[in-house]
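# A closer look at the structure
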Amino acid sequence: MASAAKDLRYRSGRASSVDGNLARSLDFEVRERELRHAGEAPRHRETVREKPQVRSLPKVRLREAQHVAPLAVLGAAAAAALAVLLLLSYIQLTVLSNETVELRSELKALEKENVVLTTQYEQIYDLASVKAAAESAGMTKPGASQVYYVDGSGGDAAVVYRQEEPDFWDRLRSSLHHGVYAVVEYFD
């Protein structure tokens, strides 16, 4: 039976043993071993257990605590303050955007109401009814004795007073006042 297995195996020396694939099969050695030992009784091998290897870790050296630079603390505080200011400005922008949307919708509603009220006003007041109401109240057109004309042919006269120019301290105080007012108005 072993000789039959040897005849069936592929031989590397003959060209007829190529199966159309010139690449060597990955399990070639396993198949060869099975063919050589075909028909034999299986052998029992004693398994030798290896001792588990115990690895000791090297002692870790700790780094000394380093001091934080005061300039780094100030920089981090400044960055945090700027981030808070940025968030506050975004909140203000969102509030203003919401108010703008509300005011625009209110404006559209008021424009519609204006059209309705103007139409009602034009329907209520008719020139004939106004003339009749005025005559019933005793109103009449003015007579010639009641009309006065103003003559504007005379020359016009105007008095212009010269203003004093503010001195340096007044200009400085005025510019500081406007600057502080602009900053307060921006943050309100």
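This section reports on the structure supplied with the text. (Residues numbered from 1 in each chain as written. Predicted model: local features only at pLDDT ≥ 70, side-chain atom pairs only at ≥ 80, totals over all residues. Heavy atoms only, no water.)

To continue, consider the overall build of the protein chain. Helix and strand content of the protein chain: 5 helices and 0 strands. Each helix and strand of the protein chain, ordered N terminal to C terminal, gives the series α-α-α-α-α. Considering the protein chain as a whole, with its 188 residues, one finds that 2% of them fall into the buried category. With the model as given, the accessible surface of the protein chain reaches about 19,800 Å², and the carbon-plus-sulfur share is 59%. (Helix = DSSP H or I, 4+ residues; strand = E, 2+ residues; numbered from the N terminus. Buried < 20%, exposed > 50% of the residue type's maximum accessible area, 1.4 Å probe, protein only. Areas by Shrake-Rupley, 256 points an atom, 1.4 Å probe, with all protein chains shown as cover.)

For the rest of this paragraph, the subject is the pattern of salt bridges. Counted under the stated rule, the structure contains 1 salt bridge. Notably, a salt bridge pairs aspartate 170 with arginine 173, separated by 2.9 Å at the nearest N-O pair. Placement of both aspartate 170 and arginine 173 in helix 5 (residues 168-187) is noted, with a separation of 3 residues, approximately one turn of the helix. Owing to a relative accessible area of 32%, aspartate 170 belongs among the partly exposed residues under this scheme. Judged by relative accessible area, arginine 173 falls into the exposed class, the value being 56%. (Salt bridge = Lys/Arg side-chain N within 4 Å of Asp/Glu carboxyl O.)

This brings us to the packing of aromatic side chains. If you walk through the whole model with that rule in mind, you get 2 aromatic pairs. With centroids separated by 5.0 Å and ring planes inclined at 80°, the aromatic side chains of tyrosine 186 and phenylalanine 187 adopt a geometry described as edge-to-face. Judged by its relative accessible area of 55%, tyrosine 186 is exposed. (Phe/Tyr/Trp six-rings, centres within 6.5 Å; stacked < 30°, edge-to-face > 60°.)

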